[in-house]
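Residues per chain, in single letters:
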Amino acid sequence: MYTQLEQRGMAEPPVNISTLRQMKEDGEPIACLTAYDASYAALVDTAGVDLVLVGDSLGMVIQGHDTTVPVQVDDIVYHARAVARGLRRAFLVADMPFMSYRSPEQALDNAVRLMQEGGAMMIKLEGGEDQVEIVEHLTRHDVPVCAHLGLKPQSVHKIGGFRVQGREPDQARAMVDSARRLQDAGADIVLLECVPNEVGLATTKALEVPVIGIGAGPHVDGQILVLYDILNITSGRTPRFVKNFQQGHDSPLAAIESYVQAVKDSSYPAPEHCFS
Ligand code: KIV
């Protein structure tokens, strides 16, 4: 009864929160990627990605906006539902869009939509001290949470651009403290975007839950990138932490497999992808 019918007899059991925690304990890097549709989700899953995020980056890479701000809950639900159909093993996380978690009640209502309609197993929100109460509320209702710290793209208009965060020592200390408070409030994963290597290391050491980095250096528990960036589909300037994995590979599957391999053997991120 505790095994989903279609998963009985699967060679590899689906990834869950315990798997991810165990990977942190064992020092096995967690390979994560975004996906937005069923076809790519199936490829990403086949390649051995452990965690798939239906990110609000879809506002930029799918919808063509300049930022993630215009993305709606309905958009995430639509794409998460498609991605869920493509996955067998990977753990599915879905983003809470801008202004969809202004109060604990609104956050819960929208998180329930992402889980029940979208098939997400965890929701991600861009957080700090102000989100502690929201994370506590979601946790009390058994909603798994990933808290996104560092560069928070939904705040781009407030912070004035996509910039490395946590370079000042007091900023870095505050970030590690926030991560600890969010973990204590119930966050199951912390995601760190665009921070110096030392902030990635300090946060990873301070927390029991897995820390996933994007531009957070090599010392975190796992890496995530935007799928279209690693496939070199994104046009224009890409951030320093992006690596084109399509180069030297003749199919998207081979490119994604080489990304997973590089995360697992810690050859990605290399120094040129990191911030100091
Ligand atoms: O929206 C997104 O895809 C993300 C990743 C960049 C981590 O938040």
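Residues numbered from 1 in each chain as written. Predicted model: local features only at pLDDT ≥ 70, side-chain atom pairs only at ≥ 80, totals over all residues. Heavy atoms only, no water.

Chemist: Before we move on, could you go through the packing of helix 8 (residues 169-185) against helix 9 (residues 197-206) and cite the residues and values that matter?
Modeler: Where helix 8 meets helix 9, the closest approach of the two axes is 10 Å, and the angle between their N-to-C directions is 30 degrees. On the basis of the axis angle, helix 8 is roughly parallel to helix 9. As helix 8 runs across helix 9, the sense of the crossing is right-handed. In contact with Ala172, Met175, Val176, Ala179 and Arg180 of helix 8, helix 9 contributes Val199, Ala202, Thr203 and Ala206. (Axes fitted to C-alpha atoms, helices over the stretch in contact; angles between N-to-C directions. Helix = DSSP H or I, 4+ residues; strand = E, 2+ residues; numbered from the N terminus. Parallel < 35°, antiparallel > 145°, perpendicular 65-115°, else oblique. Left-handed = near helix turned anticlockwise from the far one by under 90°. Contact = heavy atoms within 4.5 Å.)

Chemist: So what about the site of the ligand? Which residues, and what values?
Modeler: Around the ligand, the structure places Thr34, Leu53, Gly55, Asp56, Ser57, Asp95, Lys124, His148, Leu191, Ile214 and Val226. At a separation of 2.5 Å, an oxygen atom of the ligand approaches a polar side-chain atom of serine 57. Within the contact set of the ligand, an oxygen atom lies 2.8 Å away from a side-chain nitrogen or oxygen of lysine 124. Protein chains shield 95% of the accessible area of the ligand, which is 250 Å² for the free molecule. Here the ligand is seated within the largest pocket. Residues belonging to the shell around the ligand are distributed by class as follows: 4 nonpolar, 4 polar and 3 charged. (Near = heavy atom within 4 Å. Polar contact = N/O pair within 3.5 Å; in protein donor to acceptor, adjacent residues only side chain to side chain. Areas by Shrake-Rupley, 256 points an atom, 1.4 Å probe, with all protein chains shown as cover. 1 Å grid on protein atoms, 1.4 Å probe; cavity = no way out; pocket = protein on both sides within 12 Å on 5 of 7 lines; lining within 4 Å. Sits in = over half its atoms within 2 Å of the grid points. Nonpolar A, V, L, I, M, F, W, Y, C, P; charged D, E, K, R; others polar.)

Chemist: Which residues make up the pairing of strand 5 (residues 145-150), and what are the values?
Modeler: Within strand 5, 6 of the 6 residues are buried, leaving the element largely enclosed by the surrounding structure. Of the two faces of strand 5, both are covered, the one formed by Val145, Ala147 and Leu149 as well as the one formed by Cys146, His148 and Gly150. In this structure, strand 4 (residues 122-126) lies alongside strand 5, joined through 4 bridges in parallel fashion. Bridging from a neighbouring strand, lysine 124 pairs with cysteine 146 of strand 5. Here 5 bridges tie strand 5 to strand 6 (residues 189-193), and the two strands are oriented parallel to one another. Within the sheet, the bridge partner assigned to glycine 150 lies in strand 6 and is glutamate 193. (Buried < 20%, exposed > 50% of the residue type's maximum accessible area, 1.4 Å probe, protein only. Pairing = 2+ DSSP bridges.)

Chemist: Tell me what's going on with the pairing of strand 2 (residues 51-54), and back it up with residues and numbers.
Modeler: Here strand 2 shows no split at all, with Leu51 and Leu53 on one side and Val52 and Val54 on the other all buried. The pairing of strand 1 (residues 30-34) with strand 2 spans 3 bridges and is classified as parallel. Paired with cysteine 32 across the bridge in strand 2 is leucine 51. After leaving strand 1, the chain enters helix 2 (residues 38-46) and then returns to the sheet as strand 2, a path that is right-handed. In this sheet, strand 3 (residues 91-95) lies alongside strand 2 in parallel orientation, the contact comprising 4 bridges. The partner of leucine 51 across the bridge, within strand 3, is phenylalanine 91. (Right-handed = clockwise from strand over helix to strand, strands pointing away.)

Chemist: I'd like to hear about unusual backbone geometry, residue by residue, with values.
Modeler: A cis amide bond links tyrosine 268 with the next residue in sequence, proline 269, at an omega value of 5 degrees. Within the element layout of this structure, proline 269 appears in the segment after helix 11 (252-264). Residue cysteine 194 is not a glycine yet carries a positive backbone phi of 55 degrees. Assignment of secondary structure puts cysteine 194 in the loop between strand 6 and helix 9. Given a relative accessible area of 6%, cysteine 194 falls into the buried group.

Chemist: A description of the side chain of threonine 67 should follow, citing residues and the corresponding values.
Modeler: Residue placement: threonine 67 occurs in the loop between helix 3 (58-61) and helix 4 (73-86). Side-chain polar atoms of threonine 67 contact the backbone nitrogen of valine 69, separated by 3.1 Å. Excluding residues that lie within four positions of it along the chain, threonine 67 makes contacts with Gly59, Met60, Val156 and His157.

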